[in-house]
Amino acid sequence: MMRKLFPHPQLSLLLTVVWLLLVNQLSLGSLVMALILAWAIPLLTAPYWPERPGVRNLPMIISYLGVVAWDIVVANFVVARIVLFMPNARLHTAWVAVPLRLQQPEAITVLAATITLTPGTVSADLSADSRTLLVHCLHAPDPEEVVRQIQTRYEARLLEIFS
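Numbering of residues starts from 1 in every chain and runs along the sequence as written. Side-chain atom pairs in this predicted model are given and counted only at pLDDT of 80 or more, local residue features only at pLDDT of at least 70, and totals for whole chains, interfaces and linings cover all residues. To get the side-chain values, take all heavy atoms of the structure and skip hydrogens and water.

> Lay out the pairing of strand β3 (residues 132-137) with the relevant residues and their values.
We call a residue buried when its accessible area falls under 20% of the maximum for its residue type, exposed when it is over 50%, and partly exposed in between, using a 1.4 Å probe and counting protein chains only. Per the convention used, a helix needs a DSSP run of H or I reaching at least four residues, while a strand needs a run of E reaching at least two, with both numbered from the N terminus. Alternating residues of β3 divide into L133, V135 and C137, all buried, and T132, L134 and H136, none buried. Two strands pair when backbone bridges link them, and strand β1 (residues 94-99) and β3 are joined in this way by six bridges, in the antiparallel orientation. Bridge pairing in β3 links A97 to L134. Two strands are counted as paired when DSSP detects at least two bridges linking them. The antiparallel pairing of strand β2 (residues 121-126) with β3 creates a hairpin that spans five residues between the two strands, and S130 there sits at a positive phi of about 60°.

Have a look at this one:
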C-alpha cells in the first residue's frame, strides 16, 4: 500500500527538502505544498521508471559528492588561469571518447552530468550502444590522461555506487 502511494520514497524526501529550500521559508503552507509535490511527482512519473537503480552504498555516495565538489572548485581556478593567462596558441582543446564500463542509464547520466558540471569539460554525446561518451575538453594536452582521470575518479566510484 505504501509503495503505491509513495513509489519512490527517497525522491519524495528529496523533493520536499528541495521545495523548502527553494521557497526559503518554513511555514505550514510551504510544507503542505512540498508534501503535495513530493507525493504527486513520483506518483505521476512512476510508470516511466520501470526499474529502480540499485543505489546501496551511502558512504560511497558521500565520498563521490566530496570528490566532485573538490574537482569543481579546483577546475574553476584552472579554467580561470587558462582563460586569463594562457595564449590561444598554447590551448589544446580536444574531443575525447571515453569508453564506459557503466551500464545503467542512471549511472551514465550521473557521469555525464558530473563531467558537464566540472568547468572545462562538457559531455557532448553518448554512442548508440551506450558504451562511449564523447567529451569536449577546453584544455587537454594529454587526452588519454583525461580518459584515465574520468574513469578512475568518477566511473570507478559510480560502478561501486550503482552495483
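Okay, back to it.
> So what's going on with the environment of L14? Residues and values would help.
Topologically, L14 is positioned in helix α2 (residues 9-23). Owing to a relative accessible area of 48%, L14 belongs among the partly exposed residues under this scheme.

> With reference to specific residues and values, describe helix α6 (residues 143-161).
Any helix carries an expected span of 1.5 Å times its number of residues minus one. A rise of 1.5 Å per residue sets the reference length of α6, with its 19 residues, at 27 Å; its end C-alpha atoms lie 26 Å apart and thus fit the reference within 8%. The largest bend in α6 comes to about 35°, at E155. The set of residues buried in α6 consists of V146, V147, I150, Y154, E155, L158 and I161. Pairs of residues are marked as contacts when any of their non-hydrogen atoms sit within 4.5 Å. Residues of α6 that are buried make contact with α4 (58-85), β1, α5 (105-117) and β3. By definition, a residue's bend is the angle between the axes fitted to the seven residues ending there and the seven starting there.

> Kindly report on the environment of A75, identifying the contributing residues and their values.
Relative to the assigned elements, A75 resides in helix α4. The contacts of A75, once residues within four sequence positions are left out, are T118 and P119.

> Which residues make up unusual backbone geometry, and what are the values?
Even without being glycine, N24 reaches a positive phi, approximately 55°. In this structure, N24 sits in the loop between α2 and α3 (28-45). A residue is classified by how much of its surface remains accessible, and N24, at 67% relative accessible area, is exposed.

> I'd love a proper account of the sheet that holds β2, names of residues and values included.
Overall, antiparallel pairing links the three strands, which are arranged β1-β3-β2 in an open sheet. What marks the edges here is a single partner per strand, and that holds for β1 and β2. Strand-to-strand, the axes of this sheet are offset by a mean angle of 30°, without reference to chain direction. Bridge count between β2 and β3: five bridges; the pairing is antiparallel. The axes are straight lines fitted to the C-alpha atoms, using for helices just the contacting stretch, and the angles between their N-to-C directions are given from 0 to 180°.

> So, α4: which residues are in play, and what are the values?
Helix length check: α4 (28 residues) gives 40 Å between terminal C-alpha atoms against 40 Å at 1.5 Å per residue, within 8%. The elements touched by buried residues of α4 are α5 and α6.

> Summarise the nonpolar core; cite the residues concerned and give the values.
Buried residues of nine kinds, namely Ala, Val, Leu, Ile, Met, Phe, Trp, Tyr and Cys, make up a nonpolar core once their side-chain atoms join them within 4.5 Å. In terms of nonpolar packing, the biggest core is built from 25 residues, with V98, L111, L133, V135, I150 and L158 touching the most fellow members. Within the residue set of this core, elements represented by two or more residues are α4, β1, α5, β3 and α6. The contact partners of L158, leaving out residues within four places of it in the chain, are Y64, L102, A107, V110 and L111.

> So what about the packing of α4 against α6? Which residues, and what values?
Remark: α4 packs on α6, axes separated minimally by 10 Å, with the N-to-C direction vectors making an angle of 160°. Of the possible angle classes, the one that applies to α4 and α6 is roughly antiparallel. Crossing of α4 against α6: the hand is left-handed. Only R153, Y154, R157, L158, E160 and I161 of α6 make contact with α4, whose side of the interface consists of M60, I61, S63, Y64, V67, V68, W70 and D71. The classification used treats Ala, Val, Leu, Ile, Met, Phe, Trp, Tyr, Cys and Pro as nonpolar, Asp, Glu, Lys and Arg as charged, and all other residues, Gly among them, as polar. When its residues are assigned to classes, the contact of α4 with α6 shows nine nonpolar, one polar and four charged. The scheme is simple: roughly parallel for angles under 35 degrees, roughly antiparallel for over 145, roughly perpendicular for 65 to 115, oblique for anything else. Note on convention: the crossing is left-handed when the near helix lies turned anticlockwise from the far helix by less than a right angle, right-handed when the turn is clockwise.

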